[in-house]
Amino acid sequence: MPTLGRRKTWAFVLAAVVLFSLYTFQRLNANDLRLLTNSGNTGAGIAPKIKSKWAKMKPKYRVKDMRALPTGQPLALPKVQNDFSPESDSDRDVRLKRRDAVLASFQRCWKSYRKLAWMSDELTPVSGGRHNPFGGWGATLVDSLDTLWIMGLKEEFEHAVAAASKINFNKVPKHDINVFETNIRYLGGFLAATTSADDKRLLTKAKGSRRAALPGWGQVQVAHDHVLLAEIGSFSLEFIRLSILTGDPKWYDAVQRIIELLQAQQQTTRLPGMWPVVGDARKGDFTKYHDYTLGAMADSLYEYLPKTYALAGGLLPMYREMYEQSMDTAIQHNLFRPMLPDEKDVLVSGLVRSRADKDKFARELRPEGQHLVCFAGGMFALGGKLINNQTHVEKGEKLTDGCIWAYQAMPLGIMPEWFDMLPCESAERCPWDEDKWRRAVLTKAGLDGDMDPKHGDEIIAHKRIPKGFVSIGDSRYLLRPEAIESVFILYRVTGRKNLLESAWNMFEAIEENTKTPLANSALDDITVTDGKPSQTDSMESFWLGETLKYFYLMFSEPDLISLDEYVFNTEAHPLKRLLP
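As a starting point, this report considers the structure included with it. (Residues numbered from 1 in each chain as written. Predicted model: local features only at pLDDT ≥ 70, side-chain atom pairs only at ≥ 80, totals over all residues. Heavy atoms only, no water.)

Now for the overall build of the chain. Of regular secondary structure, the chain possesses 18 helices and 16 strands. The proportion of buried residues among the 580 residues of the chain is 62%. Roughly 21,600 Å² of accessible area belongs to the chain as shown, and the carbon and sulfur atoms make up 48% of that amount. (Helix = DSSP H or I, 4+ residues; strand = E, 2+ residues; numbered from the N terminus. Buried < 20%, exposed > 50% of the residue type's maximum accessible area, 1.4 Å probe, protein only. Areas by Shrake-Rupley, 256 points an atom, 1.4 Å probe, with all protein chains shown as cover.)

To continue, consider the layout of surface pockets. One number sums up the size of the largest pocket: a volume of about 450 Å³. If you go around the largest pocket, you meet 20 residues; those closest to its centre are E87, D91, Y491, K497 and L500. Those elements that place two or more of their residues in the lining of the largest pocket are α1 (89–116) and α17 (498–514). Counting residues per element, the lining of the largest pocket draws most heavily on α1, which supplies 4 residues. For the lining of the largest pocket, the per-class residue count stands at 7 nonpolar, 5 polar and 8 charged. (1 Å grid on protein atoms, 1.4 Å probe; cavity = no way out; pocket = protein on both sides within 12 Å on 5 of 7 lines; lining within 4 Å. Points joined across faces, edges and corners; volume = space filled by probe spheres on them. Nonpolar A, V, L, I, M, F, W, Y, C, P; charged D, E, K, R; others polar.)

Next up on the list: empty space enclosed by the protein. Here the structure, examined in full by the defined rule, presents 3 cavities of 30 Å³ or more. Approximately 130 Å³ is the volume found for the largest cavity. Around the largest cavity, the lining is made up of 21 residues, and of these L347, V348, L399, G402 and C403 lie nearest the centre. Secondary structure elements with two or more residues in the lining of the largest cavity: β9 (348–349), β12 (368–370), α12 (375–386), α13 (390–409) and β13 (418–421). Looking at the lining of the largest cavity element by element, the count peaks at 6 residues for α13. Partitioned by chemical class, the residues of the lining of the largest cavity number 15 nonpolar, 6 polar and no charged.

Next up on the list: the pattern of salt bridges. If charged atoms from side chains of opposite charge come close, those side chains can pair. Applying the stated rule across the entire model yields 36 salt bridges. In this structure, R108 and E511 form a salt bridge, with 3.2 Å as the shortest nitrogen-oxygen distance. With R108 in helix α1 and E511 in helix α17, this residue pair connects regions lying 403 residues apart in the sequence. A residue is classified by how much of its surface remains accessible, and E511, at 14% relative accessible area, is buried. (Salt bridge = Lys/Arg side-chain N within 4 Å of Asp/Glu carboxyl O.)

A complete count under the given rule lists 2 disulfides for this structure. Between the sulfur of C374 and that of C403 lies a disulfide, 2.0 Å long from S to S. Measuring handedness by torsion sign, the sulfur bridge of C374 and C403 sits at about -110° and is left-handed. In this pair, C374 is assigned in the loop between β12 and α12 and C403 in helix α13, connecting sequence segments 29 residues apart. Taken as a pair, C374 and C403 share a single burial class, namely buried. A sulfur-sulfur distance of 2.0 Å marks the disulfide that ties C424 to C430. (Disulfide = S-S within 2.5 Å.)

Right, let's talk about the side chain of R95 for a bit. Structurally, R95 is set in helix α1. For R95, a relative accessible area of 8% translates into the label buried.

Bringing the packing of aromatic side chains into the picture now. A complete count under the given rule lists 22 aromatic pairs for this structure. Ring centres of W405 and F469 lie 5.6 Å apart, and the angle between their planes is 40°; on these two criteria the pair is classed as tilted. A residue pair is termed long-range when its members are at least 10 positions apart, and W405 in helix α13 and F469 in strand β14 (residues 469–474) qualify at 64 residues. Classification of W405 by relative accessible area gives buried; the value is 7%. Under the relative-accessibility criterion, F469 is labelled buried at 0%. Ring pairs connect the aromatic residues F106, W110, Y113 and W118, which therefore count as one cluster. Geometry around F134 places R185 over its ring, the cationic atom sitting 3.8 Å from the centre. (Phe/Tyr/Trp six-rings, centres within 6.5 Å; stacked < 30°, edge-to-face > 60°. Lys NZ or Arg CZ within 6 Å of the ring centre and 35° of its normal.)

Here 3 strands make up an open sheet; going across it, the order is β12-β13-β14 and the pairing antiparallel. Where the open sheet ends on each side, the last strands, each with one partner, are β12 and β14. On average, adjacent strands in this sheet sit at an angle of 25° to one another, irrespective of strand direction. Across the face of the sheet, helix α14 (residues 434–444) comes into contact with β13 and β14 while running at roughly 35° to β14. (Pairing = 2+ DSSP bridges. Axes fitted to C-alpha atoms, helices over the stretch in contact; angles between N-to-C directions. Contact = heavy atoms within 4.5 Å.)

Turning our eyes to something else, we now look at the pairing of β14. Extensive coverage of β14 is indicated by the burial of 5 of its 6 residues. In the sheet, β13 pairs with β14 via 3 bridges, with the strands oriented antiparallel. Across the sheet, residue D420 finds its bridge partner in β14, namely S471.

Relative orientation of the contacting elements helix α10 (residues 299–311) and helix α11 (residues 317–333) amounts to 140°, with a least axis distance of 8 Å. Classified by chirality, the crossing of α11 by α10 is left-handed. Residues Y302, L305, P306, T308 and Y309 of α10 form the contact with α11, whose own contacting residues are P317, Y319, R320, M322, Y323, S326 and M327. Its residues placed into classes, the contact of α10 with α11 shows 9 nonpolar, 2 polar and 1 charged. (Left-handed = near helix turned anticlockwise from the far one by under 90°.)

Right, dumping it as structure tokens:
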């Protein structure tokens, strides 16, 4: 079962992030990936502080052939956002009431964070304590900076900026930090806030958060032979934006070396066009592992390809090419239509496993859905508009509708973390077959030989499996943003009014079940039908930095953070695009 993901993974702190300090290595190619360093979980709680003097670290590998930032006039890329027609007074009133309900939820959480966990990474929303899994540098504070600005909470924003400017990235709880999370939450947060407020203090802290990911704390730098694709490939937005703002090409140079290596191997993997979820950074080989997915452990690499193409104003066409090639493969192999009781025509993105079969590779689709992979609908819709590919936009619609369906089909109206479904035999026609569904439930439960429908009913009742699902592998809800992210992007791209209702239904269900006296909490099991689900006393910073931000933007005027002007990093931090 996947437990690592686009935003919240801890098992591997991928070495790729040594790229954070370009000046510490010489040249990143297949031989030089030994420079990448692997770290572990930062752990929970507050550990003893250890000071590190970044500036005194001696360079181990120097770059001798620095790539220059691309020059030239940015291209006029195709328009992304729909042309919205004027709304009626009644529609506006409803929309604004919903926006204000989201704002009130944010303000309640922010007030509790300020009172009980200020400058810590997270508030524990049930007990009122604090939690420091991301370096103890105030992840919720930094993640929320641009949310405060977007929501018009300017006084709170100024107070937060003043506090964030005092963060000391020289102090860390252990020798290990998660550089992927440092990049998307801290660097991304500071870069977005810098754009919002044009405050030099924020850019200074952006540079500081980058230095906080210096590899190995001055120790020997050795690449790991087992690194995650998402964490080694998800730095292009932040690094390139940092180079643009500072005029220093070393961040651009760093990320390009990784991306060029991935591009060179893109058509030589076991599923040409895509990369496996695990690669060997020591050998610089990203072709050998056998699992291919848009979900956990790979997701944000794919997400960053079309977004980086837009961020750079079309001046880096390799990102467009890599996106098109990877999504052509995903459409053919990973996307499937699930058999549903209402026979709705939607898509889900599964995992493809490749195994050796004599002198070739056999491929098996594992029809597992994930809340994490719900980002893919927005990615396809956005990418399709950017490259004038209507097929991608249509796939994005069906993927997003699949996540909406999964929310609506659950008893609480909230989608689980991970589940299995039954693929249709035909994408064009897929009638509901109850006995076939029961047999699939039995097979998934390991009872292949028992095809008695009654036994299937017993498993369905005992495990609380709604029709259309074959199993619920992980029934938690972690306050994740991916579904509303894609609903928001699809709404901005298509203008579909029913998406406003879908988003509101999602928000109401989440707020009703996750709300605590202090804030909002992750849930242990969203399949319960007899009372409230158990709350796990966890509120990751992305609840304020992503989930509520996307809900707020959903019910705001469409020109607020226009997709024709910004791209969002994987932590929902809006970064300004280069425009002609």
